[in-house]
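Okay, here's what each chain looks like letter by letter:
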Amino acid sequence: MARDATETPEPPAPPDAPDVPDAPDGEGPTDRAESDDDAGEPKLAIVEAGDAPPQNLFLIPHDNVVVFPDLVAPISLSATLAKKTIEQAESQTTFVGCILAKESLEDDADLERDDLHDVGCAARIVRTLRMPDDSVSVVVRGMKRFRIEKLLRKRPVLIAKVAYDDEGDSAPKESEAMMRVLRGIIRKLLSTDASIPDEFKVAAANVETPKAMADFAASYFVREAEERQRLLATFDVHRRLEHLITILTREVELLELGQRIQDRIRKRLEEQQRDFFLREQLKEIRKELGEAKDEKAVALERLEERLAEADLPEEARERAHDELERLSLLPLESPEAAVIRNYLDWIASLPWALSTTDRSDLDAAEKILRDSHFGLDEVKERILEFLAVRKLKPDHRGPILCFAGPPGVGKTSLGRAIAESLGRKFVRISLGGIRDEAEIRGHRRTYVGALPGRILQGLKTAGSNNPVFMLDELDKLGADFRGDPSAALLEALDPEQNDRFSDHFLELPFDLSRVLFVATANNLSTVPPALLDRLEVIEIPGYTTNEKIGIANRYLLPRQVERHGLKPRSVTITRPAMRELLHGWTREAGVRRLEQQLARICRKIATKTARGRARKEKIGPERLERLLGAPPFLESRIVRTDRPGVVVGLSWTPVGGEALSVEATMTPGHGQLTITGMLGDVMLESARIALSHVRANASAYGFEAPDLKKHDLHVHVPAGAVPKDGPSAGITIATALVSLFRESRIRARLAMTGELTLTGRVLPVGGLRNKVLAARRAGMKQVVVPAANRSEIDELTDEARKGLVFHFVEDFEQVVELAFPHRSRS
């Protein structure tokens, strides 16, 4: 049973312990530290093994020190168990067993057999010293390797029964050669690592046997305790030498690598110091010669030169002069000096007086516009008008244009074409998702990392004060607690006041009147009215089928052929195939998805070309499905109205026109009106107005008004996941209700659009061109349009109106007559 840790009586001799021989004269347990032999022995000398150690040993566990035979090693003991064990060992014998613990030792923790490694080293105590911090420092001399057979006592001291195995050498001749190799590695290690004392070199040179060399190298040159323990547990000298050569070779390589890294770092530091000293000497020489210019003076002079070259206006020149005066009084290392230098650098970088010369040849500009874009005659005409006015009056302030239309119709690319036709630089910034006013007008200089706004940054990038400046996605601007960016744009986009645009960072007026601003938007309803009032809106509607075919053949297909590394004109698509591609694989107002499908076709052909099967490809309708897969629009393009209560209406969306069917049904109930299809408030009001008007005029429309107290009405607009709003579905919903109440189908392939009032008048609506194109895509033949929109229909091209018959109506009774050519019920 283990004793209490505080007990100090002397334990009995270990079981089966052999008699400990008397110490030589003059060398007892208390005066061993003063032994002449021990005191005069060198610290790292190789020693000869003395008397054989006993079978039962006092064990001194340690978590870092591994003792090897024939070598002297110091051990520092702080754990209570180890200190008591060394005290008992000194009083009874000169031998102890040094063993490595598997885990870090904790004071007063009981040690089990599994907590210790199997192999240790029996050692003779040479010297014991009590340290001021209550620890004990013991110097031991390794004697012989042992294996623990079992623990005989755990408290208050650690005693174990051990067995001593002989060390062998499986290949003596190879061991001799390996000893020489190891000695060479040690010499290299000693020459590389300057921290190793010189006495190790002497000791290494005097080792004569492979066994002694292996233990010496393992004890003094292997860093990790676990590695030293594995070497101690290797009884075969040949295997021990092999393992050592591997470990120390890796150590030499790491040391040499570290030395090379240190040499590179030292060389860089020496070069930096050399440059610094030379600069300082050069400064002193210039001072002595009266030619001294310090870094601050050079920086100020350079800034002054740049500001003079910038040709600043009077107000900006005065501000820059004042800031230079302040900078000259500050040390360059101060934070305020860095802020002023950044501010002056921006002033000097802006194109205050730099501008490009506009193209005066109207014919050349017209050719550039014609070659770059198909159609868009209104936009091209407006640009040519601007050029003509600028040619007659050079100081004319440019308009603020806004291209509004669905995605993929070429709004952004049109801005680049405008810049090219004018001979100006082109700058584009995307406003989508911007919610911070400072993005437009900049941050105050007091903020860390402050910069001017996007407008002045764009002008600096352009390098001129009259570029074509595109504000892309104007309708996607946001607003939050940091301000409203659209409000910050009011000053920049107002031709009457943008000649003195003020940025928060610059705090100086900058003339933007020479800039040609071009904005783009998909949906003008989200643009604030104050901002919209400053814009000259040019609608860019969707393209007709023939226009898309022309764009694809002239621009899209040649561009994709080039991008995919194919030869020019190596891919042709027949007109029927192009038409089938438009109807089956794309359904859009623009041509973006069309270009994606053309890219897919080119990728397929590029794959064949890369495999060596190159030939000219002519693609007809029959090959489209093999190249592109099944068409996504498999349903008939004609919206069916073959049952009562179903009418086709035309709507406008930010992505173009759409043909939507409106469905109405009536069931027994309690007079509830249900309207579904993700409709907005305005469209819901249109549905209620339509129901009220139809019920009030039932006899005029050829049916008896149902008793709605006994019936429920349900009006649905399909594509329920798509938001819909606006008043233009008024006559469509009313016609669906009349068809339901009359139990009569409407005329086939008839679509309609128009706002309905309670008195039955039909009011004009917007987006007619996109709606007409949607009617053609849906296979309609006749379209009912408010009479007030006749002028817009007349302005449409023959291509847009081809195959459609338009009916212009002023009141809903005319709509009923057109929708139901036969008064009788079917």
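A few points on the structure.

Reading the values: rules and limits
- Residues numbered from 1 in each chain as written.
- Predicted model: local features only at pLDDT ≥ 70, side-chain atom pairs only at ≥ 80, totals over all residues.
- Heavy atoms only, no water.
- Helix = DSSP H or I, 4+ residues; strand = E, 2+ residues; numbered from the N terminus.
- Buried < 20%, exposed > 50% of the residue type's maximum accessible area, 1.4 Å probe, protein only.
- Contact = heavy atoms within 4.5 Å.
- Areas by Shrake-Rupley, 256 points an atom, 1.4 Å probe, with all protein chains shown as cover.
- Salt bridge = Lys/Arg side-chain N within 4 Å of Asp/Glu carboxyl O.
- Core = buried A, V, L, I, M, F, W, Y, C linked by side-chain atoms within 4.5 Å.
- Phe/Tyr/Trp six-rings, centres within 6.5 Å; stacked < 30°, edge-to-face > 60°.
- Lys NZ or Arg CZ within 6 Å of the ring centre and 35° of its normal.
- Axes fitted to C-alpha atoms, helices over the stretch in contact; angles between N-to-C directions.
- Parallel < 35°, antiparallel > 145°, perpendicular 65-115°, else oblique.
- Left-handed = near helix turned anticlockwise from the far one by under 90°.
- Nonpolar A, V, L, I, M, F, W, Y, C, P; charged D, E, K, R; others polar.
- Expected span 1.5 Å × (residues − 1).
- Pairing = 2+ DSSP bridges.
- Polar contact = N/O pair within 3.5 Å; in protein donor to acceptor, adjacent residues only side chain to side chain.
- Right-handed = clockwise from strand over helix to strand, strands pointing away.
- Patch = residues over 30% accessible without salt bridge, like charges linked within 9 Å, V, L, I, M, F, W, Y side chains within 5 Å.
- Lys, Arg positive; Asp, Glu negative; His and termini not counted.
- Charge placed at Lys NZ, Arg CZ, Asp CG, Glu CD.

Moving on to the overall build of the protein. A tally of regular secondary structure across the protein gives 27 helices and 24 strands. Out of the 826 residues belonging to the protein, those deemed buried represent 48%. Residue pairs in contact within the protein that sit at least 24 positions apart in sequence constitute 75% of those at least 6 positions apart. In the form shown here, the protein has an accessible surface area of approximately 42200 Å², with 49% of it arising from carbon and sulfur atoms.

This part covers the pattern of salt bridges. Taken as a whole and judged by the stated rule, the model has 36 salt bridges. Between E491 and R441 there is a salt bridge, and its shortest N-O distance comes to 3.0 Å. Of this pair, E491 sits in helix α16 (residues 485-492) while R441 sits in helix α14 (residues 438-441), and the two are 50 residues apart along the sequence. Of the two residues, E491 and R441, neither departs from the other in class, the shared state being buried. Note that E617 is salt-bridged to R623, the shortest N-O span being 2.8 Å. Across the pair, R623 and E617 agree in class, each one buried. Each of R319, E323, R326, E336, R444, R445 and E507 takes part in salt bridges that share partners, so that together they form one network.

This part covers the nonpolar core. If you look at the biggest cluster of nonpolar residues, it comprises 58 residues, and the most contacted ones within it are V96, L182, I186, F216, F221, L244 and L248. Excluding its chain neighbours within four sequence positions, the residues that come into contact with L182 are M213, A217, L241, L244, I245 and L248. One finds W346, L471, L477 and F501 within the second-largest nonpolar core, a separate group that totals 54 residues.

Our next topic: the packing of aromatic side chains. Here the structure, examined in full by the defined rule, presents eight aromatic pairs. Judged by centre distance (4.9 Å) and plane angle (50°), the rings of W352 and F510 are tilted. Residue W352 is located in the loop between α10 (335-349) and α11 (362-372), and its partner F510 is located in strand β11 (residues 509-510); the two are separated by 158 residues in the primary sequence. The exposure class of W352 is buried, given its relative accessible area of 13%. We classify F510 as buried; its relative accessible area is 2%. In textbook terms, an aromatic cluster arises when at least three aromatic residues are bridged by ring pairs, as seen for F216, Y220 and F221. Between the NZ or CZ atom of R445 and the centre of the ring of Y343, over which it lies, the distance is 3.8 Å. The aromatic ring of W346 is capped on one face by K460, whose charged end is 4.1 Å from the ring centroid.

All right, on to the packing of helix α18 (residues 545-563) against helix α20 (residues 592-610) then. Direction vectors running N to C along α18 and α20 enclose 45°, while the axes themselves pass 9 Å from each other. Classified by the angle their axes make, α18 and α20 are oblique. The two elements α18 and α20 meet at a crossing, and its hand is right-handed. Here α18 contributes K548, A552, L556, L557, R559, Q560, V561 and R563 to the contact with α20, which in turn contributes L594, E595, L598, A599 and C602. For the contact of α18 with α20, the residue count by class is eight nonpolar, one polar and four charged.

Before going further, it helps to examine unusual backbone geometry. Its identity as a non-glycine residue notwithstanding, E507 has a phi of 55°, on the positive side. Within the fold, E507 resides in the loop between β10 (501-502) and β11. We note that E743 has phi near 55°; this positive angle belongs to a residue other than glycine. In this structure, E743 sits in the loop between α23 (730-742) and β20 (750-752).

Another aspect to go through is helix α22 (residues 681-696). Here α22 is 16 residues long and its end C-alpha atoms lie 23 Å apart, about the 22 Å a rise of 1.5 Å per residue gives. Those residues of α22 that sit buried are M683, S686, A687, A690, L691, H693 and V694.

So, on to the packing of helix α19 (residues 575-585) against α20. Relative placement of two packed helices is described by the angle separating their axes and the distance separating the axes. Across the interface, α19 lies against α20 with an axial gap of 11 Å and an inter-helix angle of 115°. By the criterion of interaxial angle, the relationship of α19 to α20 is roughly perpendicular. You can see that α19 and α20 cross each other, and the crossing is right-handed. Contacts from M578, L581, L582 and W585 in α19 reach R593, L594, Q597 and L598 in α20.

Strand order in this open sheet of five strands is β8-β9-β12-β7-β13, and the pairing throughout is parallel. The open sheet has two edge strands, β8 (426-430) and β13 (536-539), and neither has a second partner. The sheet shows a mean angle of 20° between the axes of neighbouring strands, taken without regard to direction. Summarising the sheet, β8 and strand β9 (residues 468-472) pair through five bridges and their orientation is parallel. Pairing of S430 across the sheet is with D472, part of β9.

Right, let's talk about the side chain of K411 for a bit. Positionally, K411 belongs in helix α13 (residues 411-422). From its side chain, K411 meets the backbone oxygen of G405 in a polar contact 3.4 Å long. Ignoring anything within four residues of it in the chain, the contact list for K411 reads F403, A404, G405, P406, M470, T520, A521, N522 and I540.

A word on the side chain of N465. Within the fold, N465 resides in the loop between α15 (454-462) and β9. A polar atom in the side chain of N465 sits 3.2 Å from the backbone oxygen of W352. For N465, the contacting residues outside a window of four places in its chain are P351, W352, A353, L354, S355, R514 and V515.

Before going further, it helps to examine the environment of E226. Position of E226 relative to the elements: it lies in helix α6 (residues 225-232). Sequence separation of E226 and A101 is 125 residues, and the distance between their C-alpha atoms is 9.9 Å. Excluding residues that lie within four positions of it along the chain, E226 makes contacts with L100 and H117.

Let us now look at the pairing of strand β18 (residues 673-676). The sheet contact formed by β18 and strand β19 (residues 711-716) spans four bridges and is parallel. Each bridged residue has a counterpart across the sheet, and for L673 the counterpart in β19 is L713. Remark: the β18/α22/β19 crossover connection has left-handed handedness.

On the surface, D377, E378, E381, E385, E539, E792, D794 and E795 cluster together to form a negatively charged patch. Mapped by element, the contributors of at least two residues to the negative patch are α12 (377-392) and α25 (790-795). The element that contributes the greatest number of residues to the negative patch is α12, accounting for four residues. Inspection of the secondary structure assignment puts E378 in helix α12.

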